[in-house]
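Structural characterization, general
The residues making up each chain are set out below.
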Amino acid sequence: MNRNELQEVVTPAQSILVSTRPGEQSAGAPGSSGLSIDIVVNRQRRQLDVDPRASLLDLVRDHLHLMGTKKGCDHGQCGACTVHLDGRRVVSCLMLALQADGREVTTIEGLAGPNGSLHVMQQAFIDHDALQCGYCTPGQIMSAVACVREGHANSVAGIREYMSGNLCRCGAYVGIVAAIQDAAPRMQGAEP
Amino acid sequence: MRSFAYARPLTVMAAVQALADASPHARIIAGGTTLYDLMKLNIEAPQALVDVSRLGELTTFDTSGTRELVFGAMARMSDIAADRTLQTDYPALAESLWLAASPQVRNMATVGGNLLQRTRCAYFRGGAPYPCNKRQPGSGCAAIGGLDRSHAILGTSTSCVAVYPGDWAVALAAFDAQLDTVSPRGERTIPIDELHREPGETPHLETILKPDELIVRIRVPVTVAGRASTYHKIRDRASYAFALASAAVALRVDGDTVREARIALGGVATRPWRARDAERALMGGALTEGSARAAGELAFTAARTGQYNRFKVELGARTIAEALMIAKGRAKTS
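Sequence order as written defines residue numbering, which begins from 1 separately in each chain. Whichever chain is written first is A, and whichever ligand is written first is 1; the rest continue in order. Reporting in this predicted model follows two pLDDT cut-offs: at least 70 for local features of residues, and 80 or more for side-chain atom pairs to be given and counted; totals over whole chains, interfaces and linings ignore these cut-offs and use all residues.

1. Considering the overall build of chain B
Put simply, the rule is: Comment: elements are numbered from the N terminus, with helices defined as DSSP H or I runs of at least four residues and strands as E runs of at least two. A radius of gyration in this sense is built from C-alpha atoms; the matching globule rule multiplies 2.2 Å by the number of residues raised to 0.38. Once C-beta atoms are placed from the backbone, each residue is buried if 20 or more other C-beta atoms lie within 10 Å of its own, exposed if 12 or fewer, and partly exposed for counts between those two.
For chain B, the count of helices and strands is 12 helices and 12 strands. By the compact-globule yardstick of 20 Å for 334 residues, chain B fits well, its C-alpha radius of gyration being 20 Å. Overall, the C-alpha framework of chain B stretches about 60 × 50 × 35 Å when taken along its three principal axes. With 334 residues in all, chain B has 55% of them scored as buried.

Okay, here's the thing in structure tokens:
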């Protein structure tokens, strides 16, 4: 039973997590007294208190110290903070951490195999020089994996359209498209 | 960012109760892609949030009905954009969704919340030192006489020229969609054409919704004009940009004769903009490149341009003309 179902069952008032009043804490401070959430990150269940104002990105970086996910614009425009939420790509900067309660998050750290072997897409980014400075790369790779799984990586035009939410200021786009073209058929073989 | 109280109801009934209990300064949050963004900019500073993103009963949609299409307000933009029936029978609706935002944002944003997306006017978002009547009523408008390239030329006032930025509401306007809402005072139905206000002297009031009123459902009457439809969106770049001009067009033709024409505009107006004069001009005539162009020009006769957005008159007319010819092509093949 997933947590959503649990909440439906165990919450008689059918409304949860009503905080009492606006607090005085500083935004996103780790460990500040906040609201409790229960979340699975990279297959590990975590229970933590978060400031109501914190984003899912703040949670991942500042509370869980998973620094792969990057803060670029912090306004949903650049895609550097892309993670998977219940298997779908989202920009973690535009989501309240509270809204990820009871859900499953995968970050770039959760993409490699249990023995540390790189995901097909990670290796393809290396093979095709699909990065220069690397800052956008974790978001690019999370988006690229989702792009393939969604079935949008079957043509260059499709890849360009469905990767448009991830900006690369170094302009490594040609390599990124090549990496995705290379990884897509091999991912389809390698993934369940 | 100011802190806030937070409630997460799990049913519509509980949501209505939470809205009744919340402070008058509470805001409804769904996907959060507009509201949380503006909270980070301190443009929105709600004292309380009622999170409606877990109202499972509002996430379903049905495009197979014989009288109307029904979309739960909490359905994600990406899920509806991917619906095969919609892509075939109402391409304008599907296109307006998948040409909007980015794949990530479409996975988060809901089709109810998207209607209430706020303007991207840089003076509204940018804050001090620029005045903005929308952000702070009575303070003035920096866009008028300022860098107004992206701003509206239809439905403007001396208080505000900000563009309504959405695509989906424009397509819904072309199809005369209706919205069902609930609030502590009960339920009501609002024609999409009445949802958004022109700015007038009160640009901070963008819709007729009350703060505690929740959109639960969007309904679109079935029409054969859906098949011969398109959402044509012209942008500064090929993907992931707001419209400089867009047109949602749907047609019913009999041979070469136009029996029904529906045209709504985005990117050029302060609200989703139905071009009824252009529609009437096309009725009963043959749709040609010439008549499409004439209809396009007619839609902008009331345009008021600023310093840098004069090009939108020509661009908008051409966008309508192209959209009409795309829709006509689909009428032939359907």
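2. Things to note about the environment of Leu98 of chain A
Note the following rule: For every residue pair, C-beta atoms are placed from the backbone, and the pair is scored as a contact if these atoms sit within 7 Å.
Within the secondary structure, Leu98 of chain A sits in the loop between strand S5 (88–91) and strand S6 (104–106). A count of 27 C-beta atoms within 10 Å places Leu98 of chain A in the buried class. Beyond its immediate sequence surroundings of up to four residues, Leu98 of chain A is in contact with Leu35, Ile37, Val50 and Pro52 of chain A together with Tyr6 of chain B.

3. Focus on the domain arrangement of chain B
Quick reminder of the rule: Annotation comment: domain bounds sourced from an automatic or database domain assignment.
By the assigned domains, chain B splits into domain 1 (5–54) and domain 2 (225–329). The C-alpha-based centres of domain 1 of chain B and domain 2 of chain B are spaced at 36 Å.

4. Comments concerning the pairing of strand S8 (residues 214–221) of chain B
Residue and element names in this part refer to chain B. How we decide: Pairing between strands is defined by DSSP: at least two bridges between them are needed.
Within S8, 6 of the 8 residues are buried, leaving the element largely enclosed by the surrounding structure. Sheet topology places strand S5 (residues 68–72) next to S8; 5 bridges connect them, and they run antiparallel. In the strand pairing of S8, Val70 is matched with Arg219. Pairing geometry for strand S6 (residues 178–183) and S8, over 5 bridges, is antiparallel. The residue of S8 that forms the bridge with Asp180 is Arg217.

5. A short note on the sheet that holds strand S12 (residues 273–274) of chain B
Residues and elements named next belong to chain B. We count it as follows: Axis lines are fitted through C-alpha atoms, for helices just across the contact stretch, and the angle between N-to-C directions can take any value from 0 to 180 degrees.
Pairing within the open sheet is antiparallel, and its 4 strands lie in the order S9-S10-S11-S12. Looking along the sheet, the strands with just one partner apiece sit at the ends: strand S9 (229–234) and S12. Here S9 runs beside strand S10 (residues 245–254); their pairing, made up of 6 bridges, is antiparallel. Bridging across to S10, His232 finds its partner in Ala247. The strands touched by helix H5 (residues 91–98) within the sheet are S9 and S10, with S9 carrying the most contacts at an inclination of about 25°.

6. Quick notes on the nonpolar core
Formally: Among buried residues, those of type Ala, Val, Leu, Ile, Met, Phe, Trp, Tyr and Cys that are joined through C-beta atoms within 7 Å form a set called a nonpolar core.
Ranked by size, the top nonpolar core spans 164 residues in total, and within it Val50, Ala171, Val249 and Ile320 of chain B carry the most contacts. Excluding its chain neighbours within four sequence positions, the residues that come into contact with Ile320 of chain B are Ala247, Ile263, Ala275, Ala278, Ala295, Gly296 and Ala299 of chain B.

7. Some details on the sheet that holds strand S4 (residues 61–62) of chain B
All names here are of chain B. If you walk across this open sheet you meet the 5 strands as S4-S5-S8-S6-S7, and the pairing is antiparallel. Looking at strand neighbours, the two that pair on one side only are S4 and strand S7 (186–191), the edges of this open sheet. In this structure, S4 lies alongside S5, joined through 2 bridges in antiparallel fashion. Directly across from Asp62, in S5, lies its bridge partner Val70. Packing against the sheet, helix H1 (residues 12–21) makes contact with S6 and S8, and its axis sits at approximately 60° to S6.

8. Description of the pairing of S7 of chain B
Residues and elements named next belong to chain B. By the criterion of burial, S7 is predominantly exposed, with just 0 of the 6 residues buried. Inspection of the sheet shows S6 paired to S7 by 6 bridges, in the antiparallel sense. The partner of Leu179 across the bridge, within S7, is Ile190. Two successive antiparallel strands, S6 and S7, enclose a turn made up of 2 residues.

9. Some details on the packing of helix H3 (residues 120–127) of chain A against helix H4 (residues 137–149) of chain A
All names here are of chain A. Selection criterion: An angle below 35 degrees is read as roughly parallel, one above 145 as roughly antiparallel, one from 65 to 115 as roughly perpendicular, and any other as oblique. Left-handed is the label given to a crossing in which the near helix is rotated counterclockwise from the far helix by less than a right angle, and right-handed is the label when the rotation is clockwise.
Running from N to C, H3 and H4 point in directions that differ by 125°, and their axes come no closer than 10 Å. Put simply, H3 runs oblique to H4. As for the relative orientation of H3 and H4, their crossing is right-handed in sense. Of the residues in H4, those touching H3 at Met121, Gln122 and Phe125 are Thr137, Ile141, Ala144 and Val145.

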